[in-house]
Amino acid sequence: MSFLVVDKVGPATSVQDRGRSGAQRYGLTSSGAMDVTSLAIANALVGRDVSAAAVEIGPLGAEFTAVGGKVRIALAGADRAATLDGRGAWLNETVLIPEGGKLAVGAARSGVFTYLGIEGGIAGKPVYGSLSVSARAGLGSPYPRPLQSGDRLEVGTAREEAFEHRFKPFLVEPGPIRVVLGPQDEAVTQEAMALFFGAEWRVSPRSDRMGYRLEGPKLTHADGFNIVSDGTVPGSIQVPGNGQPLALLADRGTTGGYPKIATIITADLSRFAQTQAGGRIRFASLPIAQAQKEARRFAAMLSQIGERIGVVRRIANRE
Amino acid sequence: MTVSYPRLLPCGDSALVVEFGNSIEPELNRRVLAFDALLAQEQLRAIRETVPTYRSLLVHYDPTLIGYEELGAKLMDFATRKGLPSRKGRHWRVPVAYGGEFGIDLDAVAERAGLTTEEVIARHSGAQYRVYMLGFLPGFTYLGGLDPKLATPRRQEPRLEAPAGMIAIGGIQTGIQCIAAPSGWNILGRTPVRTYHPRRDPIFLIEPGDHVTFYPIAMREWGALDRAGEAGEWIAEMVDA
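None of these values were measured; they are calculated from a predicted model. Each chain carries its own residue numbering, running from 1 in the written order of its sequence. Chain letters and ligand numbers both follow the written order, the letters beginning at A and the numbers at 1. Note on the predicted model: pLDDT of at least 70 is required for a residue's local features to be given, and 80 or more for side-chain atom pairs to be given and counted; whole-chain, interface and lining totals, by contrast, use all residues. Just so you know, side-chain values use all the structure's heavy atoms and leave hydrogens and water out.

## With respect to the packing of aromatic side chains
All names here are of chain A. Using the following cut-off: Centres within 6.5 Å make a pair out of two Phe, Tyr or Trp rings, where for Trp the six-membered ring is used; the pair is then stacked when the planes are under 30 degrees apart, edge-to-face when over 60, and tilted otherwise. The secondary structure listing takes helices from DSSP runs of H or I that are at least 4 residues long and strands from runs of E that are at least 2 residues long, numbered from the N terminus. Only protein chains enter the area calculation, which uses a 1.4 Å probe; residues under 20% of their type maximum are buried, those over 50% are exposed, and those in between are partly exposed. A ring is scored as having a charge over it whenever the NZ atom of a lysine or the CZ atom of an arginine sits within 6 Å of its centre and within 35 degrees of its normal.
The final tally for this structure, using the stated rule, is 18 aromatic pairs over all chains. Between F225 and Y258, the aromatic rings sit 6.2 Å apart at their centres with planes inclined by 40°, giving tilted as the arrangement. On the criterion of sequence distance, the pair formed by F225 in the loop between strand 15 (211–215) and strand 16 (230–231) and Y258 in the loop between strand 19 (255–256) and strand 20 (260–264) is long-range, its members being 33 residues apart. Given the relative accessible area of 36%, F225 is considered partly exposed. On the basis of relative accessibility, which here comes to 31%, the residue Y258 falls in the partly exposed class. One aromatic cluster is present, formed by F196, F197, W201, Y212, F272 and F283 through successive ring pairs. The side chain of R152 reaches across the aromatic face of F3, ending 4.6 Å from its centre.

Structure below.
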């Protein structure tokens, strides 16, 4: 075994996989990666299951040192500068960190979260099938909180190999974030619903893994803003009393007492979660049958990520 | 507009809601839990997990295995079945240190109700509560059956950090909040019981459909009980299992 030691880290960097299931009935939320597409790419590059645990790096940078052996990693997701012992390292390809080598990752230039997948994985004890950090619940392994400098992740030692891997990135289609109406779309007026789809929304700086607040025109409720609490899902768009929507994400409460007028489709959640504070978005409505077609296509795409990974010879001048 | 129940509502492409009503009533909640128990028994492969609430069941499912229309029709068929199984809930006795530094809103609740603090404690610990649901936060237990005299609206300004183990009143409900978190509820006291403890087996004690009664403990009993709770003891007593 080797270690990846955290030398420096900003806030909101934590170990995440695809999240836990089975305990939402007890109020324990799923957590998990905000961008499951980039999590899958980072994992596939280092030969891991697409749902395996990786380090989700928040908007600011981080630095790591390999201790006790070589560590092979791959970065995917929000674009940022990275260096290995001072020389350029790239997203979407494997990077072999020699024993004692230092990987420095800068702040996100576009997007929010970058995933650091590790060959051999991160050692930890799953709870409800997941190592994902849920800081509020005091869960996550090996540390039940976001990473801090000095933390040591026990990780796999890199296999000796002559080849490194590279991922051929997808084109991320721009355009509106697609939603399915409901379950409480009738809780706002028809004018409010037209505004929701007509307006441009700004992601508030007061956004986090729990949810993204959206700033724009005030949405008016048809008949009060309290409902008898019911369940939430990642992508639920809740409209609280102030009329400003809140899109619930990985660390959301499992139930809520505000109406949820629409739900972001699974295929667009990764792109939505990568919208920086201040970023602008629009929404478009999709019939459920079409949304489910997109969900099936998205699931197939995740399972086929391995096919977009090619072997590249180690580039000699970067040795 | 009249709505007929049960009804189906979409919740994105990977979940749906089977709604049985729109109010907080024991019978309605019993139907939700009976339906949930039936689904657990049927073990449908496409269902990932279910979240029962006061009046609805959220069903997370895998849309690569089944579509909304087909699953919805199947669930509506189950939901309208007569004689759904019902689970006999358990009854928990939960100790509470009322008032003082642990119950910073006890005086205000008493004043609003026109009662003494002793009377508030007697009424709050004198009732038997139904566990309608757990939600929002891990182990947050929503209880119905509060003495109407004790009903107190939520605070205008939520507290940024209400303590773990908080026993509080929010409107006509009372509840147990297991972990420290923001809250607008009125805090009456604190329990050493961990309804959620990530390093205990079982991690969760109380199920929806169970019943809870509270009993007062003296402040001097707190330390030992709290340490035992942290060490993984249940503290809460299960009577007539």
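## A word on the sheet that holds strand 18 (residues 246–248) of chain A
All names here are of chain A. Worth spelling out the cut-off: The rule for pairing is simple: two strands pair if DSSP sees at least two bridges between them.
Here eight strands make up an open sheet; going across it, the order is 21-14-15-18-17-20-13-22 and the pairing mixed. In the strand order of this sheet, the two ends are held by strand 21 (280–281) and strand 22 (283–285), each with one partner. Sheet topology note: the strand 17 (residues 236–238)/strand 18 ladder contains two bridges and is antiparallel. Pairing of Q238 across the sheet is with L246, part of strand 18.

## Some thoughts on the domain arrangement of chain A
Residue and element names in this part refer to chain A. Applicable threshold: Throughout, the edges of the domains are those of an automatic or database domain assignment. Any two residues whose heavy atoms approach within 4.5 Å at even a single point are treated as in contact. For any pair of parts, buried area is found by adding up, for both, the accessible area (1.4 Å probe) each one loses once the two are put together. Each salt bridge in this description consists of a side-chain nitrogen of Lys or Arg and a carboxyl oxygen of Asp or Glu lying within 4 Å of one another. Residues adjacent in sequence count toward polar contacts only when both atoms are side-chain atoms; beyond that, a polar contact is any pair of N or O atoms within 3.5 Å, and within protein one must be able to donate a hydrogen and the other to accept it. Lys, Arg, Asp and Glu make up the charged group, whereas Ala, Val, Leu, Ile, Met, Phe, Trp, Tyr, Cys and Pro make up the nonpolar group; the residues left over, Gly among them, are polar.
Assigned domains within chain A: domain 1 (2–167 + 309–314) and domain 2 (177–286). Taken together, the contacts link 23 residues of domain 1 with 15 residues of domain 2. Counting the surface domain 1 buries against domain 2, the share from its top three residues, T29, M34 and V112, is 39%. Salt-bridge contacts for E56 lead to R209; the nearest nitrogen and oxygen are separated by 2.8 Å. Taken together, domain 1 and domain 2 are joined by 15 residue pairs in polar contact (both at pLDDT 80 or more). At three residues, the largest contribution of residues to the side of domain 1 that touches domain 2 is made by helix 1 (residues 36–45). Of the residues in the side of domain 1 that touches domain 2, the class split is eight nonpolar, 12 polar and three charged.

## Observations concerning helix 1 of chain A
With 10 of 10 residues buried, helix 1 of chain A is to be regarded as a mostly interior element. Within helix 1 of chain A, the full set of buried residues consists of V36, T37, S38, L39, A40, I41, A42, N43, A44 and L45 of chain A.

## Describing the nonpolar core
Inclusion rule: Only buried Ala, Val, Leu, Ile, Met, Phe, Trp, Tyr and Cys residues count toward a nonpolar core, and they belong to the same one when joined by side-chain atoms within 4.5 Å.
F196, F272 and F283 of chain A together with F35 and L75 of chain B are the most contacted members of the largest nonpolar core, which has 73 residues in total. The element best represented in this core is helix 1 of chain A, accounting for seven residues. If near-sequence neighbours (up to four positions away) are discounted, F283 of chain A is found in contact with P176, I177, V179, F196, F197, W201, L214, I237, I264 and F272 of chain A.

## Notes on the sheet that holds strand 3 (residues 54–57) of chain A
Residue and element names in this part refer to chain A. Note the threshold: For helices, the axis comes from a line fit to the C-alpha atoms of the stretch in contact; other axes are also lines fit to C-alpha atoms, and the angle between any two N-to-C directions lies between 0 and 180 degrees.
Sheet architecture is open: five strands sit in the order 2-3-10-5-8, paired in antiparallel fashion. The outermost strands of the open sheet, each flanked by one partner alone, are strand 2 (14–16) and strand 8 (94–97). Strand after strand, the sheet turns through a mean of 35° between neighbouring axes, direction not considered. The pairing of strand 5 (residues 71–77) with strand 8 spans four bridges and is classified as antiparallel. Each bridged residue has a counterpart across the sheet, and for V71 the counterpart in strand 8 is I97.

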